[in-house]
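Okay, here's what each chain looks like letter by letter:
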Amino acid sequence: MFPMSVLFLIIIGIAAGFIATRLMGVEADLITTISVGVLGALAGGLLLRGLLALLGMAAGFVGAILGSLAVLWIYKTYIAK
């Protein structure tokens, strides 16, 4: 069975990817934006899981945005030339 927390991070990741690309001024296609957001949300969300338990879903969204920014920075620095 697919854990609901992972499904939640994927859905939040889509929004986080959009926000992260806008914050970093990257013009990316839809698939890249969603991929960056989902990867960032999974990375940031899982790393900040303890914070999520303490502060609620808002902390997960912040973690998703931070994770998306990190993944987008890696993408921008090493992949997109």
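Scroll up to find the structure this text is about.
Residues numbered from 1 in each chain as written. Predicted model: local features only at pLDDT ≥ 70, side-chain atom pairs only at ≥ 80, totals over all residues. Heavy atoms only, no water.

Asker: What's the story with the nonpolar core in this structure? I'm lost.
Answerer: In globular proteins that are soluble, nonpolar side chains generally tend to be buried together. Counting six residues, the largest nonpolar core consists of L9, I12, A16, A41, A64 and I65. Put simply, the parts of the chain that give this core at least two residues each are α1 (4–23) and α4 (57–79). Looking at which element gives the most residues to this core, the answer is α1, with three residues. When near neighbours in sequence (up to four residues on either side) are disregarded, I12 contacts F61 and A64. Counting residues in each nonpolar core, the second largest holds five residues, with A20, V26, V71 and L72 among its members. (Core = buried A, V, L, I, M, F, W, Y, C linked by side-chain atoms within 4.5 Å. Buried < 20%, exposed > 50% of the residue type's maximum accessible area, 1.4 Å probe, protein only. Helix = DSSP H or I, 4+ residues; strand = E, 2+ residues; numbered from the N terminus. Contact = heavy atoms within 4.5 Å.)

Asker: I would appreciate a short explanation of a nonpolar patch on the surface in the present structure.
Answerer: A cluster of nonpolar side chains, namely W73, I74, Y78 and I79, defines an oily patch on the protein surface of about 480 Å² accessible area. Along the polypeptide, Y78 turns up in helix α4. On the basis of relative accessible area, Y78 is assigned to the exposed category, the value being 57%. (Patch = residues over 30% accessible without salt bridge, like charges linked within 9 Å, V, L, I, M, F, W, Y side chains within 5 Å. Areas by Shrake-Rupley, 256 points an atom, 1.4 Å probe, with all protein chains shown as cover. Salt bridge = Lys/Arg side-chain N within 4 Å of Asp/Glu carboxyl O.)

Asker: For this particular structure, what's the right way to read α1?
Answerer: Since one α-helical turn is 3.6 residues long, residues separated by three or four positions face the same way. A rise of 1.5 Å per residue sets the reference length of α1, with its 20 residues, at 28 Å; its end C-alpha atoms lie 28 Å apart and thus fit the reference within 8%. Residues of α1 that are buried: L9, I12, G13, A16, G17, A20 and T21. Where α1 terminates, the next one or two residues include G25, which has phi positive at roughly 65 degrees. (Expected span 1.5 Å × (residues − 1).)

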